[in-house]
Amino acid sequence: MRIDIVTIFPEMFRDVFEFGILSRARDRGIVDLSAHDLRKWTTDRHRTTDDSPYGGGPGMVMKIEPLVAAVEELAAKSGIDSSKRRIILLSPRGEPLSQPKIRLLSAAEHVVLVSGRYEGVDERFVVATGAEEISIGDYVLSGGEIPAMVVADALVRLLPGALADPASAQHDSFSDSVLDHPHYTRPALFRGLRVPEVLLSGDHAAVDVWREQRALEDTRARRPELLQSS
Ligand SMILES: C[S@@+](CC[C@H](N)C(=O)[O-])C[C@H]1O[C@@H](n2cnc3c(N)ncnc32)[C@H](O)[C@@H]1O
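Below is a short write-up of the structure.

Scoring rules and cut-offs
Residues numbered from 1 in each chain as written. Predicted model: local features only at pLDDT ≥ 70, side-chain atom pairs only at ≥ 80, totals over all residues. Heavy atoms only, no water. Phe/Tyr/Trp six-rings, centres within 6.5 Å; stacked < 30°, edge-to-face > 60°. Buried < 20%, exposed > 50% of the residue type's maximum accessible area, 1.4 Å probe, protein only. Helix = DSSP H or I, 4+ residues; strand = E, 2+ residues; numbered from the N terminus. Core = buried A, V, L, I, M, F, W, Y, C linked by side-chain atoms within 4.5 Å. Contact = heavy atoms within 4.5 Å. Expected span 1.5 Å × (residues − 1). Arc of directions from axis to C-beta. Near = heavy atom within 4 Å. Polar contact = N/O pair within 3.5 Å; in protein donor to acceptor, adjacent residues only side chain to side chain. Areas by Shrake-Rupley, 256 points an atom, 1.4 Å probe, with all protein chains shown as cover. Nonpolar A, V, L, I, M, F, W, Y, C, P; charged D, E, K, R; others polar.

With respect to the packing of aromatic side chains
One pass over the full model with this rule turns up 2 aromatic pairs. Relative to Phe17, the ring of Phe13 lies with its centre 5.9 Å away and its plane at 40°, an arrangement referred to as tilted. Neither Phe13 nor Phe17 differs from the other in exposure class; each is buried. With 6.5 Å between their ring centres and 55° between their planes, Tyr184 and Trp210 make a pair best called tilted. Of the two residues, Tyr184 is situated in the loop between α7 (167–171) and β8 (189–190) and Trp210 in helix α8 (residues 204–222); the sequence distance between them amounts to 26 residues. Since its relative accessible area comes to 41%, Tyr184 is described here as partly exposed.

Looking at the nonpolar core
Judged by nonpolar contacts, the single largest core of 27 residues is most densely connected at Ile3, Val111, Leu113, Leu155 and Val156. Counting only elements with at least two residues in this core, the list comes to β1 (2–7), α2 (20–27), β5 (85–96), α4 (99–105), β6 (110–114) and α6 (145–157). Ranked by residues supplied to this core, first place goes to α6 with 7 residues. In this structure Leu155 touches Met1, Ile3, Ile102, Leu105, Ser106 and Val111, once residues within four positions along its chain are discounted.

Some remarks on α8
Between its first and last C-alpha, α8 extends 26 Å over 19 residues, near the 27 Å set by a 1.5 Å rise per residue. Inspection of α8 places Val207, Trp210, Ala215, Asp218 and Thr219 among the buried residues, and these make up the whole buried set. In a view along the axis of α8, the buried residues occupy a sector of 160°, so they form one face of it. In α8, the exposed positions angled more than 90 degrees off the buried face are occupied by Glu212 and Arg220.

A closer look at the site of the ligand
The immediate surroundings of the ligand are formed by 19 residues, with Leu90, Gly116, Glu119, Tyr139 and Leu141 found nearest. Within the contact set of the ligand, a nitrogen atom lies 3.0 Å away from a backbone nitrogen or oxygen of Ile136. Starting from 590 Å² of accessible surface for the ligand in isolation, the protein chains cover 84%. Put simply, the parts of the chain that give the shell around the ligand at least two residues each are β5 and β7 (132–135). Counting residues per element, the shell around the ligand draws most heavily on β5, which supplies 3 residues. Of the residues in the shell around the ligand, the class split is 9 nonpolar, 8 polar and 2 charged.

What follows is the structure, given as structure tokens:
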């Protein structure tokens, strides 16, 4: 998969790409990840990416021309058919991100993530590029860079070969409309807190049953709506 991120702060992504699963997936050629400076697609002397809003009011709005030019050039350069591309504008007004949505997106070969700033992006960008809007939650961040990192990380985890043990993604929360079961590691006793006996028993069938039950119990207690929607 190729993931291109369009942002006015590409430097923010440097460290994120350099650690853990993202870094390993890049090294193994599973994902081609790049953050691009939107200013590259500006045409004026000041490399302007924003302007004041029509109708007045506070703040600035990101201009449509450099954003569309960026998306079109990245699409053309990828050499990937448009049917295998998803263009995503990170926006609090978008569809709430979920694991099923990430699973859908992971089937794409090319994902372009566009990070907004200021009051957001000129609304015509979505129409002009066919972008879909995705929100990472009902709160407002100052920019779309962290949301783009969230989407990229969640996507790469699902790519074949990205995780050392692919089974771990199968048991992750939301994969099956339930939360993950709790996890424990050594020591077996810490300040009077004991690891559940069954996990020390060596009885793998009993461990599986316990984990399944706990996942269900915890989901019922914490996120009952997940069970209703399954
Ligand atoms: C300050 S926000 C703009 C908020 C906008 N005026 C609104 O209230 O919907 C600037 C940029 O941050 C990003 N952003 C902020 N919160 C986000 C969220 N919950 N999900 C996705 N992107 C978000 C978007 O790219 C947005 O264009």
